[in-house]
Amino acid sequence: MADLQHTHELDYDGDRVVKRYVDSKPGAAEREWRALNLLAEYAPDLAPEPIAYDDGVVTMSRIDGVPLRGLFARAKHVSAMAEALRELHTAVPGHVLRTLPVRPWQREAIVDWVRSRCAAWQPREPSADRAVKEGLRWLESWSPGEAGVTPVFGAGDGNLANFLWDGTRVRIVDFEDSGRSDVAFELAELAEHVSMWVDGEVEIARRFELSPQEERRMRECRKAHALVWFFLLSHEHPRNPPGTFQRQIERVLARLSA
């Protein structure tokens with residue numbers, strides 16, 4: 001699940017990057033290492049090359065590129081990002097994908113987390129209180145089932161900063177929450193990540209042709225991820241412009257009414 005916590009440290013050594021994970025993120029280094037090896041085999045050059053792994057420290061190649069967050073994302077950037085995502089999602093063969101662990105923070109974990117935040121919510125402004133009330137009401141009735149579940153390999157983090165533009169294509173970094181997922185859930189997480197709209201809306205979901213069942217699942221998953229960001233942004237963070245939380249309240253209410 002996207003958060004505002006520091007989960008790792010990066011050291012740059014020439015053409016290598018050394019990533020050290022903090023103890024509060026169990027399993028993150030293993031997931032990163034597994035993803036880099038899988039992508040090196042099935043989608044070469046989409047992500048950094050794995051070099052070494054040792055006790056929570058992952059060493060990988062350094063790839064060139066400018067993060068899409070902070071770069072004015074034009075149509076060519078979004079198209080290249082969508083192409084990279086399609087490659088990522090479909091890279092791992094089905095027989096291999098079925099053996100992989102489900103990525104962290106799938107539906108059940110998000111439901112429990114949001115429900116606990118709703119229960120602990122202290123009344124604030126009316127619109128925020130309304131978002132909590134309506135969000136909890138929707139959450140208690142959400143039963144997505146299996147319709148629209150198309151298995152994919154998911155990166156598990158929708159941060160626009162994890163997509164690097166090298167002038168020709170987009171490549172992807174940061175796989176600490178990666179694993180088996182489904183396309184609707186992954187696109188929903190991307191679309192609702194604060195980095196995808198706070199500096200100007202990046203309409204990534206529209207770049208994918210989804211079945212009606214996938215569209216419905218994505219729409220419902222977007223509600224869940226919007227609620228996650230409601231609570232993450234409920235205390236203004238210097239990383240985001242002033243007023244970001246108020247904008248998130250409006251997004252939550254719009255998603256819940258859709």
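What counts and what doesn't
Residues numbered from 1 in each chain as written. Predicted model: local features only at pLDDT ≥ 70, side-chain atom pairs only at ≥ 80, totals over all residues. Heavy atoms only, no water. Helix = DSSP H or I, 4+ residues; strand = E, 2+ residues; numbered from the N terminus. Rg over C-alpha atoms; globule rule 2.2 N^0.38 Å. Buried < 20%, exposed > 50% of the residue type's maximum accessible area, 1.4 Å probe, protein only. Pairing = 2+ DSSP bridges. Contact = heavy atoms within 4.5 Å. Polar contact = N/O pair within 3.5 Å; in protein donor to acceptor, adjacent residues only side chain to side chain.

What follows is about the overall build of the protein. In terms of helices and strands, the protein carries eight helices and nine strands. Relative to the 2.2 N^0.38 estimate, which gives 18 Å for 258 residues, the radius of gyration of the protein is 18 Å and therefore close to what a compact globule would have. With the C-alpha coordinates aligned to their principal axes, the bounding extent of the protein is approximately 50 × 40 × 40 Å. For the protein, the proportion of its 258 residues judged to be buried stands at 51%.

Relative to strand S4 (residues 57–61), strand S3 (residues 50–54) is paired through four bridges, and the arrangement is antiparallel. Bridge pairing in S4 links Asp54 to Val57.

Moving on: the environment of Glu201. Relative to the helices and strands, Glu201 is located in the loop between helix H6 (183–192) and helix H7 (212–232). With 10 residues separating them along the chain, Glu201 and Ala191 place their C-alpha atoms 9.0 Å apart. What Glu201 contacts, discounting residues up to four positions off in sequence, is Met196 and Arg251. At a separation of 3.3 Å, a polar atom in the side chain of Glu201 contacts the side chain of Arg251.

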